[in-house]
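# Overview (structure and organization)
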Amino acid sequence: MPSCRSTSVAWGLLDDVITQRRRLVRGLIFTACYSRSMFCWLTFDETLATLIEGFEQAWLSFGGIFRVVIPNSLKAIVIEADPITPRFNAGFLEYAQARGFVVDPLACGGPAISLAWNGSSPTAAARGP
């Protein structure tokens with residue numbers, strides 16, 4: 001079981017050095033909110049199936065499943081980003097329920113709200129920096 005309760009998840013962009021050609025490689029980056037431990041899953045697409053595969057590999061790497069996942073406007077999770085009422089992908093919510101974690105919409109409002117997440121609990125985030 002991870003030593004902290006929640007993780008932030010976002011896509012990052014990388015170059016494909018294996019094929020030596022200009023190709024978009026995405027890194028699904030998990031960052032533990034308390035310890036700042038990280039895991040990166042490399043992929044060429046952002047489908048729900050790829051996202052779930054990345055989550056499964058992250059759970060193995062961290063040694064357990066975080067109870068709270070804070071998506072940073074991942075298109076495969078967040079259908080419509082909104083600071084008050086974000087809409088989530090139903091398939092991902094089913095996966096979250098099956099694996100026993102909740103999706104915290106706190107960081108789904110854009111960069112200003114993402115920067116407010118500076119602690120390991122929604123209460124700390126609500127207070128802001």
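Look a little higher up for the structure.
What this report covers is the structure whose coordinates are included nearby. Note that the structure is predicted; figures quoted are calculated from it, not measured. (Residues numbered from 1 in each chain as written. Predicted model: local features only at pLDDT ≥ 70, side-chain atom pairs only at ≥ 80, totals over all residues. Heavy atoms only, no water.)

Assignment of secondary structure puts L74 in the loop between β4 (68-71) and β5 (78-80). Along the backbone, L74 and E46 are 28 residues apart, and their C-alpha atoms lie at a distance of 8.5 Å. (Helix = DSSP H or I, 4+ residues; strand = E, 2+ residues; numbered from the N terminus.)

F92, Y95 and A96 are the residues of helix α2 (residues 90-99) that are buried. Looking straight down α2, one finds that the buried residues subtend no more than 100° of arc, so they occupy a single side. In this structure, α2 carries A90, E94, Q97 and A98 as exposed residues pointing more than 90 degrees from its buried face. Elements that come into contact with the buried residues of α2 comprise α1 (48-62) and β7 (102-103). Between the side-chain oxygen of the N-cap and the backbone nitrogen of G91 there are 2.7 Å, and the N-cap of α2 in question is N89. (Buried < 20%, exposed > 50% of the residue type's maximum accessible area, 1.4 Å probe, protein only. Arc of directions from axis to C-beta. Contact = heavy atoms within 4.5 Å. Polar contact = N/O pair within 3.5 Å; in protein donor to acceptor, adjacent residues only side chain to side chain.)

For the rest of this paragraph, the subject is the nonpolar core. In terms of nonpolar packing, the biggest core is built from 23 residues, with L51, F55, W59, I77, F92 and F101 touching the most fellow members. When contributions to this core are tallied by element, the ones reaching two or more residues are β2 (24-32), β3 (38-43), α1 and α2. Looking at this core element by element, the count peaks at five residues for α1. (Core = buried A, V, L, I, M, F, W, Y, C linked by side-chain atoms within 4.5 Å.)

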